[in-house]
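The chain contents come next:
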Amino acid sequence: NGLRATDQQKILVEDLAEQLCKYNPTKKPAKSGLMKGKWKMIYSNVPGPSSGRIGPFIGNVFQDLQPENKRIYNLLELGPSWALRGALEADLEILDDENWAITFDFVYNKFNGIEIINKKFDKIERRIWNIKYLEKDFRIMYGYIDGEQDKKYIFILN
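In this report, we go over the structure that sits alongside the text. These figures come from a predicted structure and were not determined experimentally.

## So, the sheet that holds strand β6 (residues 84–94)
Alright, step 1. Pairing is antiparallel in the closed barrel, where eight strands are placed in the order β1-β4-β5-β6-β7-β8-β9-β10. With strand direction ignored, the average angle separating the axes of adjacent strands in the sheet is 35 degrees.
Alright, step 2. The sheet contact formed by β6 and strand β7 (residues 99–111) spans eleven bridges and is antiparallel. Residue pairing for β7: E89 is matched across the bridge by F106.
Alright, step 3. Along the sheet, helix α1 (residues 7–21) contacts β1 (37–44), β8 (114–135), β9 (138–145) and β10 (153–157); its crossing angle with β9, the most-contacted strand, is approximately 105 degrees.

In structure tokens, the structure reads:
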């Protein structure tokens, strides 16, 4: 997920991803049925739990995308199946051929199957997902807070 990558490795991955995006095989990726399903994040430069890090621990991050229901689930799995599981839920809106608006509204965490956090967001947490490359088993997108395009983070998923 990129958390253990050196600065040189990060630069290389991000440069290669940028080059690959020029050859996106999917026209209108935000509207493509290929977006649907469960994706595993293999690299990101985003800080915090969205990267899979909680304190000193690093877990796996997945996205379960359900455009037909206009919902997404960002899932964090840390440790064996009985350990920490977390999720951010959000509404999704297809804005245009390459962009989704994601409005986070709910977060929950479970440890050993017991809910430890269950919270509805007090304020709107809206993000834009700019999908730049999409094929059946591979996706590159950039995410940012709505209105803050200069603070983009890359997400590479398979």
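## Some words on the nonpolar core
Alright, step 1. Formed by 22 residues in total, the largest nonpolar core has its most connected members in L65, I72, W100, I102, W129 and I131.
Alright, step 2. Of all the elements in the fold, those that place two or more residues in this core are β1, β4 (60–66), β5 (71–78), β6, β7, β8 and β10.
Alright, step 3. For this core, the leading source of residues is β7, giving four residues.
Alright, step 4. Not counting chain neighbours up to four residues away, the residues in contact with I72 comprise D64, L65, L88, E89, A90, L92, W100, I102, F104 and W129.

## Side note on the packing of aromatic side chains
Alright, step 1. The final tally for this structure, using the stated rule, is three aromatic pairs.
Alright, step 2. Centroid distance F106 to Y108: 5.7 Å. Interplanar angle 55 degrees. Geometry classified as tilted.
Alright, step 3. A residue is classified by how much of its surface remains accessible, and F106, at 23% relative accessible area, is partly exposed.
Alright, step 4. Relative to F138, the ring of Y133 lies with its centre 5.9 Å away and its plane at 75 degrees, an arrangement referred to as edge-to-face.
Alright, step 5. The ring of F62 carries the charged tip of K38 above its face, separated from the ring centre by 4.7 Å.
Alright, step 6. For the cation-ring pair, R139 lies above W39, with the distance from its terminal atom to the ring centre recorded as 4.7 Å.

## Side note on the side chain of E89
Alright, step 1. Along the chain, E89 falls in strand β6.
Alright, step 2. Among the residues examined, E89 registers a relative accessible area of 14% and is labelled buried.
Alright, step 3. For E89, the residues in contact, after removing those within four places along its chain, are R71, I72, Y73, T103, F104, D105, F106 and Y108.

## A closer look at the pattern of salt bridges
Alright, step 1. Summed over the entire model, instances satisfying the criterion amount to ten salt bridges.
Alright, step 2. With its nearest N and O atoms 3.1 Å apart, the salt bridge here joins D97 to K31. With D97 in the loop between β6 and β7 and K31 in the loop between α1 and β1, this pair connects stretches of sequence that are 66 residues apart.
Alright, step 3. R126 is the salt-bridge partner of D146, the closest N and O atoms lying 2.7 Å from each other. Remark: R126 occurs in strand β8 and D146 occurs in the loop between β9 and β10; sequence separation between them is 20 residues.
Alright, step 4. Through salt bridges with shared partners, a single ionic network connects R71, E89, D91 and D105.

Rules used in this analysis
Residues numbered from 1 in each chain as written. Predicted model: local features only at pLDDT ≥ 70, side-chain atom pairs only at ≥ 80, totals over all residues. Heavy atoms only, no water. Pairing = 2+ DSSP bridges. Helix = DSSP H or I, 4+ residues; strand = E, 2+ residues; numbered from the N terminus. Axes fitted to C-alpha atoms, helices over the stretch in contact; angles between N-to-C directions. Contact = heavy atoms within 4.5 Å. Core = buried A, V, L, I, M, F, W, Y, C linked by side-chain atoms within 4.5 Å. Buried < 20%, exposed > 50% of the residue type's maximum accessible area, 1.4 Å probe, protein only. Phe/Tyr/Trp six-rings, centres within 6.5 Å; stacked < 30°, edge-to-face > 60°. Lys NZ or Arg CZ within 6 Å of the ring centre and 35° of its normal. Salt bridge = Lys/Arg side-chain N within 4 Å of Asp/Glu carboxyl O.

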